[in-house]
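The chain contents come next:
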Amino acid sequence: MAAWLLTIARHVELRKYRKHSRGPKKPAPARTHDPTKPHVSVARLLEQRRKTPRT
């Protein structure tokens, strides 16, 4: 069986089984700075992001 597998492996086109790398990550959305409210809760930002529809 090992000999048969080797003969099959010789005829395989390796180009078809090449790895595809992932693309670059999308940048995180820029945070807006409000001087009157310096603290921004990350939980609130994530909740807002969940509620907004994706494009």
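Residues numbered from 1 in each chain as written. Predicted model: local features only at pLDDT ≥ 70, side-chain atom pairs only at ≥ 80, totals over all residues. Heavy atoms only, no water.

## Focus: helix H2 (residues 42-51)
With zero of its 10 residues buried, H2 lies for the most part at the surface. For H2, the N-terminal capping position is held by Ser41, with its side-chain oxygen 3.3 Å away from the main-chain nitrogen of Ala43. (Buried < 20%, exposed > 50% of the residue type's maximum accessible area, 1.4 Å probe, protein only. Helix = DSSP H or I, 4+ residues; strand = E, 2+ residues; numbered from the N terminus. Polar contact = N/O pair within 3.5 Å; in protein donor to acceptor, adjacent residues only side chain to side chain.)

## Concerning the layout of surface pockets
Leftover empty space is mapped by rolling, across the atoms, a probe with the size of a water molecule. Estimates place the volume of the largest pocket at around 580 Å³. Residue lining of the largest pocket: 17 residues in total, with Arg31, Thr32, Val40, Leu45 and Gln48 positioned closest to the centre. Per-class residue counts for the lining of the largest pocket are seven nonpolar, five polar and five charged. (1 Å grid on protein atoms, 1.4 Å probe; cavity = no way out; pocket = protein on both sides within 12 Å on 5 of 7 lines; lining within 4 Å. Points joined across faces, edges and corners; volume = space filled by probe spheres on them. Nonpolar A, V, L, I, M, F, W, Y, C, P; charged D, E, K, R; others polar.)

## Here we look at the pattern of salt bridges
Evaluated as defined, the whole model comprises two salt bridges. For Glu13, the salt bridge identified is with Arg15, shortest N-O distance 3.8 Å. The exposure class of Arg15 is exposed, given its relative accessible area of 71%. Glu47 is the partner of Arg50 in a salt bridge, and the nearest nitrogen-oxygen pair spans 2.9 Å. You can see Arg50 and its partner Glu47 sitting in helix H2, three residues apart, about one turn around the helix. Residue classification places Glu47 among the partly exposed residues on the basis of a relative accessible area of 35%. (Salt bridge = Lys/Arg side-chain N within 4 Å of Asp/Glu carboxyl O.)

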